[in-house]
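# Descriptive analysis of the structure
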Amino acid sequence: ERMRELIGNSPAAAATDRRIKSAYKTPVFINNNIHGNEWEGTDAALKLIEELAQAKDAKTAGLLATNRIYLNVTANPDGRIAGTRANANGFDLNRDFITGSQPEARAMRQIAVDKQPAVMLDLHGYVNGTLIEPTTPPHGENYEYDLFLKNSYA
Ligand SMILES: [Zn+2]
């Protein structure tokens, strides 16, 4: 907890702290199925959990030693059950992060606030062609796709 306080209170000092560097695990947040009828993210999340839990290879051990992986298996359980894009209240949760009118959107937002993910994957589904934002144009103005491609895509 001292390290967390140092990061919060004195980020410049934390950036050069060798204990923090050696103990730090990069937070990765994988959000899935925000649109209830886009099933593939949940399938991928469950498969990933199974693979990570059963892996015995050094590469996976290294991955888990240096990363904290947070998975939201389904961000829209109402929509998933009903087979709809929206939740049971009729909201597109992917358009509700600013307003936070829906409990699912508030929960996802709180995960981002609490865990401060360095990388977030938001897995949707196959809809009218494949869009892998931020790697596929047109790029949204809120995505630093050039940095993502260079530093995170692999
Ligand atoms: Zn979607």
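Residues numbered from 1 in each chain as written. Predicted model: local features only at pLDDT ≥ 70, side-chain atom pairs only at ≥ 80, totals over all residues. Heavy atoms only, no water.

This paragraph deals with the layout of surface pockets. A volume near 450 Å³ is recorded for the second largest pocket. Listing elements by their share of the lining of the second largest pocket, those giving two or more residues are helix H1 (2-9), helix H3 (18-23) and helix H7 (103-115). Ranked by residues supplied to the lining of the second largest pocket, first place goes to H1 with 4 residues. Per-class residue counts for the lining of the second largest pocket are 7 nonpolar, 2 polar and 6 charged. (1 Å grid on protein atoms, 1.4 Å probe; cavity = no way out; pocket = protein on both sides within 12 Å on 5 of 7 lines; lining within 4 Å. Points joined across faces, edges and corners; volume = space filled by probe spheres on them. Helix = DSSP H or I, 4+ residues; strand = E, 2+ residues; numbered from the N terminus. Nonpolar A, V, L, I, M, F, W, Y, C, P; charged D, E, K, R; others polar.)

Counted according to the given criterion, the structure contains 4 salt bridges. Across the salt bridge formed by Arg 19 and Asp 17, the nearest N and O atoms sit 3.2 Å from each other. On the basis of relative accessible area, Arg 19 is assigned to the partly exposed category, the value being 42%. On the accessibility criterion, Asp 17 (15% relative accessible area) is buried. Here Arg 85 ties to Glu 38 by a salt bridge, and the two come within 3.6 Å at their closest N and O atoms. Taken together, the residues span a long stretch of sequence, with Arg 85 in the loop between helix H6 (77-82) and H7 and Glu 38 in the loop between strand S1 (26-32) and helix H4 (40-54) at a distance of 47 residues. If you follow the salt bridges from partner to partner, you end up with Glu 38, Arg 85 and Asp 92 in one network. (Salt bridge = Lys/Arg side-chain N within 4 Å of Asp/Glu carboxyl O. Buried < 20%, exposed > 50% of the residue type's maximum accessible area, 1.4 Å probe, protein only.)

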